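# Structural overview for review
Given next are the chains, with one letter for each unit.
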Amino acid sequence: MIRNSILLLCVFSVFLVQGSFSQNSQTEEHAYMMVQSIQKFHYFPKEVNDTYSESVFDRFIEITDPFGVIFTKSDLQDLAKYKHSIDDDILKKESSFLNDISTKYNERLTEIRSWYVNSTDIDLDFPENDSITFSNNSPELSKDEQDLFRMKILKFKVLTECMLSNDSVLNVEDFSAQKRNEAKQNIIKNEICRLESKISDPESFEKYVHSAYLHSVAYAFDPHTDYFSGEDMDM
């Protein structure tokens, strides 16, 4: 029975933390407690060093910007100074990385919301040779490259919505301009609502970012170790 329990722990390790995220100090404390507990009880703990720190950094970017359309190449170059210092933040219960990236993330989401608002009156073109590629590895794009990629995603979503509404139509020319515009307006409206749900309430935004950070701290030990907030455990 004990052997089976140990095996289960090896397959799926979960760290649970109760409490509020209203202040950075609580997240710092949770991160420190989590690392200490995992190092003590995990079947194969990792050293909390620069390599571990880089894993936390990379995982956080994967969670918050999976398609590489939020943080610009310049942002990532600037934030790279934290790649080998997050371990120090955790052990010293500091939040330099968390503070900086939270501010940058909020700024970029606000800019993207404005981009969608300004795209409401833009007429989309659909050239035959246009294409879009999604990758598991987030590309590092400049702001202009991100805007171009975001426009391609918008057009892709418009075509997808039009085709789902009529299975017999396979060519973009068969969709009326009105139908494409209605699909575009609907998608933009949903994107704006999604972004506003993240940034309109500072407390909710803070909870999301801090939760993503703590998920990254846990995940960096191994993919089967995870973090659950008090809200997750109540679900």
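Now for a look at the structure at hand. (Residues numbered from 1 in each chain as written. Predicted model: local features only at pLDDT ≥ 70, side-chain atom pairs only at ≥ 80, totals over all residues. Heavy atoms only, no water.)

Where empty space is left can be seen by rolling a probe of water-molecule size over the atoms. Size it by volume and the largest pocket reaches roughly 340 Å³. If you trace the largest pocket, you find 20 residues lining it, with F67, V69, I70, E191 and R194 closest to the centre. Counting residues per element, the ones that place at least two in the lining of the largest pocket are helix 3 (50–64), helix 6 (96–118), helix 7 (143–164) and helix 8 (177–199). The residue inventory of the lining of the largest pocket, partitioned by class, reads 13 nonpolar, 1 polar and 6 charged. (1 Å grid on protein atoms, 1.4 Å probe; cavity = no way out; pocket = protein on both sides within 12 Å on 5 of 7 lines; lining within 4 Å. Points joined across faces, edges and corners; volume = space filled by probe spheres on them. Helix = DSSP H or I, 4+ residues; strand = E, 2+ residues; numbered from the N terminus. Nonpolar A, V, L, I, M, F, W, Y, C, P; charged D, E, K, R; others polar.)

Let us look at empty space enclosed by the protein. If you walk through the whole model with that rule in mind, you get 1 cavity of 30 Å³ or more. Here the largest cavity is characterised by a volume of approximately 40 Å³. Considering the residues around the largest cavity, the lining is formed by E28, A31, D89, I90, E94, S95, L98 and Y213. Elements supplying a minimum of two residues to the lining of the largest cavity: helix 2 (24–41) and helix 5 (86–92). For the lining of the largest cavity, the residue count by class is 4 nonpolar, 1 polar and 3 charged.

With that settled, consider the pattern of salt bridges. Any two side chains of opposite charge can pair, so long as their charged atoms come close to each other. Counted according to the given criterion, the structure contains 18 salt bridges. Of the charged contacts, one joins D75 and R108 as a salt bridge, the two residues approaching to 2.6 Å between their closest N and O atoms. Residue D75 is located in helix 4 (residues 73–79), and its partner R108 is located in helix 6; the two are separated by 33 residues in the primary sequence. When the shortest N-O distance is used, the salt bridge between R108 and E111 registers 2.8 Å. Taken as a pair, R108 and E111 lie in helix 6 at a separation of 3 residues, close to a single helical turn. You can call R108 buried: its relative accessible area is 13%. (Salt bridge = Lys/Arg side-chain N within 4 Å of Asp/Glu carboxyl O. Buried < 20%, exposed > 50% of the residue type's maximum accessible area, 1.4 Å probe, protein only.)

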